[in-house]
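Okay, here's what each chain looks like letter by letter:
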Amino acid sequence: MREQLLAAETVTGIQWRDGALHLLDQRLLPLEQHWLACTDVAAVVEAIGDMAVRGASAIGICAAYGLVLALRQRLAEGDGWEEALEEDFMMLGEARPTPANLFWALNRMRERLQRLRPDEDVLAALEAEAVAIHESDREANLTMAQFGVEQIRKHQGSEQVLLTHGNAGALASGGFGTALGVIRGAALEGMVERVYACESRPWLQGSRLTAWELAADGVPVTVVADSAAGHLMKVKGITWVVVGADCIAANGDVAAKIGTYQMAVTAMHHGLRFMVVAPSTSIDLNLATGEDIPLEVRGEEELLEVEGIQVTADVEAYNPVVDVTPADLIDVIVTERGVVERPDTAKIAQLMCRKRLH
């Protein structure tokens, strides 16, 4: 399957070239494909905060490259770069509050700095580390795709009708996607009859990004309103719900795109299997349960306005962009380290003791 996925690759959203971070602006897709060139850390922070790039893995990768850009500037300023770089660590860490991969990537970059040899080129070392983080995530996607397809085959066989929510594809990662990596793999195996993609308001990641990615791969995809998910489960023969994650707590609770929680509840009511696909870098063992995960709430204008024009009454809006799905609603968590069925604290801890399998 690895070779098939590599041969079928059609979408990429992150490129590091010519000393700059180039990002396919997700706010404009699919109508316009515009690449942003980030040449300093402030531009990376802005791209993350303004949703030009999103997806937990992609955010972590961009933060790593952002530190390379920050270090280059700090070195040019002269002595005291170590202390000055701490400001950049902090600025990147505050760009989005929920994705565990962001903080994992920053910690890994900090650890690399701490391992520097006296004669080592600090900028080259940090750039190599950022590239390694990017490539590692890409490899993790390929491994997760295989594990996820095996789960689908084991429990349901062929001719799947899948439902997904949000965007957990190539645009949200360093390679082929988490949830969409599994869906792509299943399609290549001839196992997918159709994928239903919830529109995923308010940013429409499902209808704009997920549908675009799947269509580019030739996977049969149909966009549906978020509120139609329960109806689809009842009448369209859905076999699996497959989603990604921004953060997974030590007990297996999952923070993901807002609306994931209610999909999991509805899936359990209809007896459907619910799969979460995420790299182990999304797991934070310091967070005991989902109650400890910081959940992002964005500006109310995202609900009240369309392209800057208010389309509602003059009222308040509440705009949480992630929610927590309790572990007992999840059938399987797929990572590059392996698979956890019916997750709990002991199983997650055991998983994290394993080596990465790619």
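Residues numbered from 1 in each chain as written. Predicted model: local features only at pLDDT ≥ 70, side-chain atom pairs only at ≥ 80, totals over all residues. Heavy atoms only, no water.

With an unreviewed UniProt entry as reference, the protein chain is termed Methylthioribose-1-phosphate isomerase, source organism Pseudomonas oryziphila. Here the protein chain is described in UniProt, under the heading Function (unreviewed entry), as follows: "Catalyzes the interconversion of methylthioribose-1-phosphate (MTR-1-P) into methylthioribulose-1-phosphate (MTRu-1-P)." Under the UniProt heading Catalytic activity (unreviewed entry), the note attached to the protein chain is "5-(methylsulfanyl)-alpha-D-ribose 1-phosphate = 5-(methylsulfanyl)-D-ribulose 1-phosphate". (UniProt positions renumbered as here; feature names shortened; annotations may be inferred.)

Brief notes about helix H8 (residues 205-216)
For H8, built from twelve residues, the straight-helix expectation of 16 Å at 1.5 Å per residue is met to within 8% by its first-to-last C-alpha distance of 15 Å. Those residues of H8 lying buried are Gln205, Gly206, Arg208, Leu209, Thr210, Ala211, Glu213 and Leu214. Lining the buried residues of H8 we find strand S4 (160-164), helix H7 (179-188), strand S5 (192-198), strand S6 (221-224) and strand S9 (254-257). (Helix = DSSP H or I, 4+ residues; strand = E, 2+ residues; numbered from the N terminus. Expected span 1.5 Å × (residues − 1). Buried < 20%, exposed > 50% of the residue type's maximum accessible area, 1.4 Å probe, protein only. Contact = heavy atoms within 4.5 Å.)

Comments concerning the packing of H7 against H8
The contact between H7 and H8 brings their axes to 11 Å, and the two run at 25 degrees. If you check the angle between H7 and H8, you find them roughly parallel. When the axes of H7 and H8 are compared, the crossing they make is right-handed. Here Leu180, Ile183 and Arg184 of H7 come into contact with H8, specifically with Thr210, Glu213 and Leu214. (Axes fitted to C-alpha atoms, helices over the stretch in contact; angles between N-to-C directions. Parallel < 35°, antiparallel > 145°, perpendicular 65-115°, else oblique. Left-handed = near helix turned anticlockwise from the far one by under 90°.)

Examining the pattern of salt bridges
One pass over the structure, following the stated rule, counts 20 salt bridges. Where Arg74 meets Asp88, a salt bridge forms, and the shortest distance between an N and an O atom there is 2.8 Å. A residue pair is termed long-range when its members are at least 10 positions apart, and Arg74 in helix H3 (residues 56-77) and Asp88 in helix H4 (residues 81-93) qualify at 14 residues. Here Arg74 matches Asp88 in class, with each residue buried. Residues joined by salt bridges that share partners form a network here, namely Arg108, Arg112, Arg117, Asp119, Glu120 and Glu129. (Salt bridge = Lys/Arg side-chain N within 4 Å of Asp/Glu carboxyl O.)

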